[in-house]
Amino acid sequence: MKKLLFFLMIFVLFCLLTCSHQSIPLPEHPRPDFQRENWLNLNGRWKFEFDKENTGLEKKWFNHPEKFQKNITVPFPWGSKLSGVEDEADIGWYARTINVPKAWNGQRIFAVIGACDWHTTAWLDGNELGTNQGGYTPFEFELTALVNPGREHQLVLRVDDTPHDYKLEGKQGYGRAAGIWQTVYLEARPQVALQYVHFTPDIDAEKVHVAVQLDQNPPDGCTISVKSGELSAEYKVENDRVEFDIPIP
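Below: a short report on this structure. Note that the structure is predicted; figures quoted are calculated from it, not measured. (Residues numbered from 1 in each chain as written. Predicted model: local features only at pLDDT ≥ 70, side-chain atom pairs only at ≥ 80, totals over all residues. Heavy atoms only, no water.)

### Let's talk about the sheet that holds strand E14 (residues 207-214)
- Here three strands make up an open sheet; going across it, the order is E13-E14-E17 and the pairing antiparallel. Sheet topology places strand E13 (194-202) and strand E17 (241-247) at the edges, where each strand pairs with a single neighbour. Strand-to-strand, the axes of this sheet are offset by a mean angle of 15°, without reference to chain direction.
- Looking at chain direction, E14 and E17 are connected through seven bridges and run antiparallel. Considered in E17, the bridge of Val212 is made with Val242. (Pairing = 2+ DSSP bridges. Helix = DSSP H or I, 4+ residues; strand = E, 2+ residues; numbered from the N terminus. Axes fitted to C-alpha atoms, helices over the stretch in contact; angles between N-to-C directions.)

Pasting the structure below:
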């Protein structure tokens, strides 16, 4: 009887963990090569509303996301089965509550959108964050000055996928991919952070060339450390970009 009870408890725990895992579509970090320690996946259910008459901006929907009547599953484009929303218009509004962990206090906070087709405008608590045009590459908005870690905030996105002569429409046969179609997440970064790192191997010269771009000029004494197995190297950084070679036998 005790063994049966034990296995029953294990089964229930497994079910709870599985359900929790599946409640967030695509829960893994979308960029394992550039994953920071502090990040929060925002995939899942968002409030949603179509703007068929294109009156949302005039009526300031970004201040009233509680009036959105539909729910959509992110990160699947509206019109797709997984989104749960039929394709009814070219403009859609998204909204959800976000809560930045208190442990992120003192760091810079960003909302990163893996891809959203096509013209995206974002607000936080009614404050415009910025816009982005394009449907295939990641973009981000900094929230640092507007968020209070530990408190709830309203993130609202307006996505305009109206046809344009110069707008790419995607690969033939897949149909339209309107709205958010790649993972959305929050991320905490230090005051000076890596923007990108490129490694270029040179086998003949037995080395790898490293190009590092920071998002701003670093303070005095800043260094870049590279570690891989037994390989370890450190280089001084004097401005927002540094390049160096690492010898590899």
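From this point, the narrative continues.
### Considering the sheet that holds strand E8 (residues 127-133)
- If you trace the six strands from one edge of the open sheet to the other, you get E3-E2-E4-E10-E7-E8, paired in antiparallel fashion. Strand pairing shows two members of the sheet lacking a second neighbour, strand E3 (70-74) and E8, which therefore form its edges. In this sheet, adjacent strand axes meet at a mean angle of 30° when their direction is disregarded.

### A word on the pattern of salt bridges
- In this structure the tally under the stated criterion is 10 salt bridges.
- Note that Asp215 is salt-bridged to Arg108, the shortest N-O span being 2.6 Å. Separated by 107 residues along the polypeptide, Asp215 in the loop between E14 and strand E15 (223-228) and Arg108 in strand E5 (residues 108-113) bring together distant segments of the chain.
- Note on Arg108: relative accessible area 11%, which makes it buried.
- Through salt bridges with shared partners, one network takes in Arg36, Glu140, Glu187 and Arg189. (Salt bridge = Lys/Arg side-chain N within 4 Å of Asp/Glu carboxyl O. Buried < 20%, exposed > 50% of the residue type's maximum accessible area, 1.4 Å probe, protein only.)

### Overview of the packing of aromatic side chains
- Applying the stated criterion across every chain yields a total of 15 aromatic pairs.
- Taking the centre distance of 6.2 Å and the plane angle of 90° together, the rings of Trp46 and Tyr94 count as edge-to-face. With a gap of 48 residues between them, Trp46 in strand E2 (residues 44-50) and Tyr94 in strand E4 (residues 91-99) connect regions that are remote in the sequence. Summarising the burial analysis for this pair, Trp46 and Tyr94 share the class buried.
- Taken together, the aromatic side chains of Trp46, Phe48, Phe50, Trp78 and Tyr94 make up a single cluster linked through ring pairs.
- Arg189 extends its terminal NZ or CZ atom over the ring of Phe110, reaching a point 3.9 Å from the ring centre. (Phe/Tyr/Trp six-rings, centres within 6.5 Å; stacked < 30°, edge-to-face > 60°. Lys NZ or Arg CZ within 6 Å of the ring centre and 35° of its normal.)

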